[in-house]
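This is what each chain is made of:
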Amino acid sequence: LGHIDIGGSFSPREVINFFYSHTDPRQYNPLLETQFRLRTYREDGSCGVCAYYQSYRGGFGIPGRDFCLSGSQHQFSDDHSVCVSRSIEWRHAVGMLTGRIRAHAHIGGFDCRRVQDGSCRLYFVWQADLRGDFPKWVSRLILTASLANLHHMKTSLVKTRT
(Lines give C-alpha, C1' and ligand atoms only; values in the text may rest on other atoms or scores of the structure.)
Protein backbone atom coordinates (compact mmCIF):
# COMPACT_ATOMS: atom_id res chain seq x y z
CA LEU A 1 0.00 0.00 0.00
CA GLY A 2 2.79 2.43 0.87
CA HIS A 3 5.97 3.19 2.76
CA ILE A 4 7.60 5.98 4.73
CA ASP A 5 11.18 6.67 5.76
CA ILE A 6 11.43 6.78 9.55
CA GLY A 7 15.02 7.99 9.83
CA GLY A 8 18.08 6.55 11.51
CA SER A 9 17.37 7.17 15.19
CA PHE A 10 15.19 4.04 15.52
CA SER A 11 15.97 0.39 14.93
CA PRO A 12 13.50 -1.72 12.93
CA ARG A 13 12.72 -3.61 16.15
CA GLU A 14 11.84 -0.38 18.00
CA VAL A 15 9.56 0.71 15.16
CA ILE A 16 7.69 -2.60 15.01
CA ASN A 17 7.47 -2.91 18.81
CA PHE A 18 5.89 0.55 18.90
CA PHE A 19 3.05 -0.51 16.61
CA TYR A 20 2.64 -4.01 18.03
CA SER A 21 2.59 -2.84 21.65
CA HIS A 22 0.96 0.58 21.30
CA THR A 23 -1.80 0.98 23.84
CA ASP A 24 -3.83 3.55 21.91
CA PRO A 25 -3.37 3.46 18.13
CA ARG A 26 -6.14 6.06 17.77
CA GLN A 27 -3.34 8.59 18.33
CA TYR A 28 -2.10 7.86 14.81
CA ASN A 29 -5.20 6.35 13.19
CA PRO A 30 -8.19 8.72 13.38
CA LEU A 31 -10.45 6.25 11.55
CA LEU A 32 -10.06 3.70 14.35
CA GLU A 33 -12.84 3.78 16.93
CA THR A 34 -11.43 1.21 19.35
CA GLN A 35 -8.79 -1.50 19.54
CA PHE A 36 -7.94 -3.93 22.31
CA ARG A 37 -6.29 -7.28 22.81
CA LEU A 38 -8.47 -10.30 23.22
CA ARG A 39 -5.63 -12.59 24.26
CA THR A 40 -1.84 -12.58 24.33
CA TYR A 41 -0.33 -15.95 23.49
CA ARG A 42 3.36 -15.19 23.51
CA GLU A 43 5.45 -12.12 24.03
CA ASP A 44 9.17 -11.86 24.44
CA GLY A 45 11.87 -9.55 23.15
CA SER A 46 11.86 -10.71 19.53
CA CYS A 47 8.51 -12.43 18.96
CA GLY A 48 4.91 -11.92 19.98
CA VAL A 49 1.53 -13.40 19.08
CA CYS A 50 -1.88 -12.06 20.09
CA ALA A 51 -5.54 -11.87 19.11
CA TYR A 52 -7.08 -8.41 18.99
CA TYR A 53 -10.21 -6.50 18.05
CA GLN A 54 -10.47 -3.35 15.92
CA SER A 55 -13.51 -1.25 15.10
CA TYR A 56 -13.62 1.54 12.52
CA ARG A 57 -16.15 4.33 12.39
CA GLY A 58 -18.74 4.44 9.65
CA GLY A 59 -19.79 7.55 7.81
CA PHE A 60 -21.69 8.91 4.84
CA GLY A 61 -24.51 6.44 5.57
CA ILE A 62 -22.10 3.46 5.55
CA PRO A 63 -22.01 1.35 8.72
CA GLY A 64 -18.75 0.90 10.63
CA ARG A 65 -16.61 -2.18 10.19
CA ASP A 66 -14.82 -4.33 12.72
CA PHE A 67 -12.18 -7.05 12.64
CA CYS A 68 -11.02 -9.86 14.90
CA LEU A 69 -7.37 -10.40 14.08
CA SER A 70 -4.40 -12.56 14.87
CA GLY A 71 -1.30 -10.42 15.11
CA SER A 72 2.32 -11.41 15.38
CA GLN A 73 5.58 -9.59 15.38
CA HIS A 74 8.98 -11.03 14.68
CA GLN A 75 12.54 -9.77 14.48
CA PHE A 76 14.40 -11.50 11.63
CA SER A 77 17.65 -9.62 12.21
CA ASP A 78 18.91 -6.34 13.67
CA ASP A 79 17.97 -4.77 10.33
CA HIS A 80 14.55 -6.34 9.69
CA SER A 81 11.38 -6.69 11.80
CA VAL A 82 7.75 -7.29 10.84
CA CYS A 83 4.27 -7.19 12.36
CA VAL A 84 1.55 -9.05 10.45
CA SER A 85 -2.18 -9.57 10.97
CA ARG A 86 -5.02 -11.56 9.46
CA SER A 87 -8.64 -12.16 10.35
CA ILE A 88 -9.67 -14.95 12.70
CA GLU A 89 -13.00 -16.22 13.97
CA TRP A 90 -13.80 -14.96 17.47
CA ARG A 91 -17.01 -14.98 19.41
CA HIS A 92 -18.27 -11.81 20.98
CA ALA A 93 -16.18 -10.43 23.82
CA VAL A 94 -16.76 -7.64 26.33
CA GLY A 95 -15.95 -4.33 24.67
CA MET A 96 -16.83 -5.32 21.11
CA LEU A 97 -19.13 -2.77 19.54
CA THR A 98 -22.54 -3.58 18.11
CA GLY A 99 -23.95 -2.47 14.78
CA ARG A 100 -20.71 -3.12 12.88
CA ILE A 101 -20.21 -5.28 9.81
CA ARG A 102 -17.51 -7.90 10.40
CA ALA A 103 -14.90 -7.34 7.71
CA HIS A 104 -12.18 -9.79 6.72
CA ALA A 105 -8.47 -8.96 6.53
CA HIS A 106 -6.66 -11.31 4.18
CA ILE A 107 -3.32 -9.87 5.29
CA GLY A 108 -2.05 -6.67 6.78
CA GLY A 109 0.98 -5.39 8.52
CA PHE A 110 4.22 -3.50 8.72
CA ASP A 111 7.65 -4.47 7.44
CA CYS A 112 10.50 -2.31 8.74
CA ARG A 113 13.99 -2.58 7.27
CA ARG A 114 17.22 -0.69 7.64
CA VAL A 115 18.09 0.63 4.19
CA GLN A 116 21.47 1.36 2.65
CA ASP A 117 21.82 4.90 4.05
CA GLY A 118 21.27 3.57 7.62
CA SER A 119 17.73 4.85 8.04
CA CYS A 120 14.63 2.73 8.58
CA ARG A 121 11.92 2.35 5.97
CA LEU A 122 8.47 1.22 7.09
CA TYR A 123 6.29 -0.56 4.53
CA PHE A 124 2.55 -0.91 5.09
CA VAL A 125 0.38 -3.61 3.49
CA TRP A 126 -3.35 -4.10 3.96
CA GLN A 127 -5.68 -6.25 1.88
CA ALA A 128 -9.19 -6.65 3.22
CA ASP A 129 -12.74 -7.42 2.19
CA LEU A 130 -14.84 -4.72 3.82
CA ARG A 131 -18.00 -6.74 3.05
CA GLY A 132 -20.02 -4.38 0.97
CA ASP A 133 -20.13 -2.19 -2.09
CA PHE A 134 -18.73 1.30 -1.76
CA PRO A 135 -18.85 4.22 -4.15
CA LYS A 136 -15.43 4.80 -5.77
CA TRP A 137 -15.02 8.13 -3.98
CA VAL A 138 -15.41 6.38 -0.58
CA SER A 139 -12.82 3.77 -1.57
CA ARG A 140 -10.42 6.55 -2.59
CA LEU A 141 -11.10 8.38 0.67
CA ILE A 142 -10.27 5.23 2.69
CA LEU A 143 -7.07 4.67 0.69
CA THR A 144 -5.99 8.30 1.07
CA ALA A 145 -6.67 8.21 4.83
CA SER A 146 -4.73 4.93 5.16
CA LEU A 147 -1.70 6.44 3.45
CA ALA A 148 -1.97 9.61 5.55
CA ASN A 149 -1.87 7.38 8.64
CA LEU A 150 1.74 6.50 7.78
CA HIS A 151 2.68 10.13 8.48
CA HIS A 152 0.63 10.13 11.70
CA MET A 153 2.41 6.92 12.73
CA LYS A 154 5.82 8.45 12.15
CA THR A 155 4.86 11.56 14.12
CA SER A 156 3.61 9.43 17.05
CA LEU A 157 6.78 7.34 16.99
CA VAL A 158 9.07 10.40 16.94
CA LYS A 159 7.16 11.89 19.90
CA THR A 160 8.29 8.91 22.01
CA ARG A 161 11.84 10.31 21.81
CA THR A 162 10.99 13.87 22.83
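Before any of the text, the structure's been laid out above.
Note that this is a predicted model, so its numbers are computed, not measured. (Residues numbered from 1 in each chain as written. Predicted model: local features only at pLDDT ≥ 70, side-chain atom pairs only at ≥ 80, totals over all residues. Heavy atoms only, no water.)

Student: Account for the overall build of the protein chain, with residues named and values stated.
Tutor: Summing up its helical and strand segments, the protein chain has 2 helices and 8 strands in all. Ordered by position from N to C terminus, the α and β elements of the protein chain give β-α-β-β-β-β-β-β-β-α. Its C-alpha atoms give the protein chain a radius of gyration of 16 Å, within 12% of the compact-globule value 15 Å for 162 residues. Dimensions of the protein chain, computed from the C-alpha atoms along their principal axes, are close to 45 × 35 × 30 Å. Looking at the protein chain as shown, the accessible area adds up to about 9,200 Å², and 52% of this sits on carbon and sulfur atoms. (Helix = DSSP H or I, 4+ residues; strand = E, 2+ residues; numbered from the N terminus. Rg over C-alpha atoms; globule rule 2.2 N^0.38 Å. Areas by Shrake-Rupley, 256 points an atom, 1.4 Å probe, with all protein chains shown as cover.)

Student: Before we move on, can you summarise unusual backbone geometry with the specific residues and values?
Tutor: Although it is not a glycine, phenylalanine 60 adopts a positive phi angle of roughly 55°. For phenylalanine 60, the position within the fold is in the loop between strand 3 (47-56) and strand 4 (65-77). Under the relative-accessibility criterion, phenylalanine 60 is labelled exposed at 62%. Its identity as a non-glycine residue notwithstanding, arginine 131 has a phi of 60°, on the positive side. Among the structural elements, arginine 131 can be located in the loop between strand 8 (120-129) and helix 2 (136-159). (Buried < 20%, exposed > 50% of the residue type's maximum accessible area, 1.4 Å probe, protein only.)

Student: Describe in detail the pattern of salt bridges, supporting the description with residues and values.
Tutor: Here the structure, examined in full by the defined rule, presents 6 salt bridges. A salt bridge links aspartate 66 to arginine 102; the shortest N-O distance between them is 2.8 Å. In this pair, aspartate 66 is assigned in strand 4 and arginine 102 in strand 6 (residues 101-102), connecting sequence segments 36 residues apart. Take aspartate 66: its relative accessible area is 3%, and that puts it in the buried class. On the accessibility criterion, arginine 102 (35% relative accessible area) is partly exposed. In this structure, arginine 114 engages aspartate 79 in a salt bridge whose closest nitrogen and oxygen atoms are separated by 3.6 Å. Placement of the pair is arginine 114 in strand 7 (residues 104-114) and aspartate 79 in the loop between strand 4 and strand 5 (80-87), with a sequence separation of 35 residues. (Salt bridge = Lys/Arg side-chain N within 4 Å of Asp/Glu carboxyl O.)

Student: Mind laying out the packing of aromatic side chains, listing which residues take part and the relevant values?
Tutor: Tallying each qualifying case throughout the model produces 5 aromatic pairs. The interplanar angle of 40° and the centroid separation of 5.2 Å between the aromatic rings of phenylalanine 36 and tyrosine 53 together place this pair among those described as tilted. Here tyrosine 53 lies in strand 3 and phenylalanine 36 lies in strand 2 (residues 32-43), a separation of 17 residues in the sequence. Aromatic rings pair up to connect Tyr56, Phe67 and Trp126 into one cluster. (Phe/Tyr/Trp six-rings, centres within 6.5 Å; stacked < 30°, edge-to-face > 60°.)

Student: Provide a residue-level description of helix 2, including the pertinent values.
Tutor: The end-to-end C-alpha separation of helix 2 is 35 Å, in line with the 34 Å expected for 24 residues at 1.5 Å each. Within the span of helix 2, buried status applies to Val138, Ser146, Asn149, Leu150, Met153, Ser156 and Leu157. Taken together, the buried residues of helix 2 touch strand 1 (2-7), helix 1 (12-21), strand 7 and strand 8. (Expected span 1.5 Å × (residues − 1). Contact = heavy atoms within 4.5 Å.)

Student: Which residues make up the side chain of aspartate 66, and what values go with them?
Tutor: Within the structure, the side chain of aspartate 66 is placed 2.8 Å from the side chain of arginine 102, a separation counted as a polar contact. Those residues in contact with aspartate 66 that sit more than four places away from it in its chain are Tyr53, Gln54, Ser55, Leu97, Arg100, Ile101, Arg102 and Ala103. (Polar contact = N/O pair within 3.5 Å; in protein donor to acceptor, adjacent residues only side chain to side chain.)

Student: Describe the layout of surface pockets, naming the residues involved and giving the relevant values.
Tutor: Space inside the largest pocket adds up to approximately 1,100 Å³. In terms of lining residues, the largest pocket is bounded by 47 residues, among which Asn29, Gln54, Tyr56, Phe67 and Trp126 are the most central. Secondary structure elements with two or more residues in the lining of the largest pocket: helix 1, strand 2, strand 3, strand 4, strand 5, strand 7, strand 8 and helix 2. Here the lining of the largest pocket is composed, by residue class, of 28 nonpolar, 16 polar and 3 charged. (1 Å grid on protein atoms, 1.4 Å probe; cavity = no way out; pocket = protein on both sides within 12 Å on 5 of 7 lines; lining within 4 Å. Points joined across faces, edges and corners; volume = space filled by probe spheres on them. Nonpolar A, V, L, I, M, F, W, Y, C, P; charged D, E, K, R; others polar.)

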